[in-house]
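# Topology and contacts: notes
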Amino acid sequence: MNEQQLNEAIANPRNLGEMADADAVGTVGSPECGDMVRMWLKFTEKDGQKVIDRASFQSFGCQTAIAVASMATEMLRGRTVAEARELSAAEMSVPLGALPPMKIHCGQMVEGALRAALEAEAPTAVAAAVVPAAAGHLAESLGEAAAAAPGKLRVVFE
Ligand code: FES
């Protein structure tokens, strides 16, 4: 794992925060570690194709999830929906180097949030994995999820 890249991403995460004018939002939560990641996507059209104009995220999760989400939201810019669907947690984590086994699920949380957002973009799909997705602040979902599963969520404020 590239500690320098990790520390830089944590110290200065890119595209952090809610996106008021997003076209899609997806949320995932892990019952095991209690972390949550939400991703917002804004689309535009380029050369007749729908592409991601920008992406942002919120994470009440560990630092690895924040670092991967930061990298992912940068990588997503300009990708078509099909290309974004192909993006794996491993690919999003490449700038950080190989994640240790106990941190692989952190990248998968980011991938899950992206997939949930991409599903939300499709007219018939539901944008949630584990917890309901909504466009509001992630803290609201944490409160809802904590009420639904007391003792299962861990919130880390930095
Ligand atoms: S997202 Fe659960 S420990 Fe990193």
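One can find the structure itself at the top, above this paragraph.
Below you will find a few notes about this structure. (Residues numbered from 1 in each chain as written. Predicted model: local features only at pLDDT ≥ 70, side-chain atom pairs only at ≥ 80, totals over all residues.)

A few words on helix H5 (residues 104-121). Taking 1.5 Å of rise per residue, 18 residues should cover 26 Å, and H5 covers 26 Å from first to last C-alpha, within 8% of that figure. Of all 18 residues that make up H5, 14 are buried, and the element is covered over most of its length. (Helix = DSSP H or I, 4+ residues; strand = E, 2+ residues; numbered from the N terminus. Expected span 1.5 Å × (residues − 1). Buried ≥ 20, exposed ≤ 12 C-beta atoms within 10 Å, placed from the backbone.)

Positive phi outside glycine occurs at Asn-15, with the angle close to 60°. Mapped onto the fold, Asn-15 is located in the loop between helix H1 (3-11) and strand S1 (24-29). Located in the positive-phi region is Asp-47, a residue other than glycine, with phi close to 50°. Here Asp-47 is to be found in the loop between strand S2 (36-46) and strand S3 (49-60). On the basis of neighbour count, Asp-47 is assigned to the exposed category, with 6 C-beta atoms found within 10 Å.

Topologically, Gln-63 is positioned in helix H2 (residues 63-76). Gln-63 gets classed as partly exposed once you count the C-beta atoms within 10 Å, which come to 18. For Gln-63 and Lys-103, which are 40 residues apart along the polypeptide, the C-alpha to C-alpha distance reads 9.9 Å.

Moving on to H2. Since the α-helix turns once every 3.6 residues, residues separated by three or four places project in the same direction. Helix length check: H2 (14 residues) gives 20 Å between terminal C-alpha atoms against 20 Å at 1.5 Å per residue, within 8%. Residue Gly-78 follows H2 closely and has a positive phi angle near 90°.

Further remarks concern the pairing of S2. Two strands pair when backbone bridges link them, and S1 and S2 are joined in this way by six bridges, in the antiparallel orientation. Bridge pairing in S2 links Val-25 to Trp-40. The hairpin formed by S1 and S2 contains six residues between the paired strands, and Gly-34 there has a positive phi angle of roughly 80°. Bridging between S2 and S3 involves 11 bridges; their strand directions are antiparallel. Looking at the pairing, Leu-41 lines up with Ala-55 of S3. Count of turn residues in the S2/S3 antiparallel hairpin: two residues, of which Asp-47 carries a positive phi of about 50°. (Pairing = 2+ DSSP bridges.)

This part is about the pairing of S1. In terms of burial, S1 is a largely internal element, six of the six residues being buried. Here S1 shows a buried face lined by Ala-24, Gly-26 and Val-28 and a second buried face lined by Val-25, Thr-27 and Gly-29.

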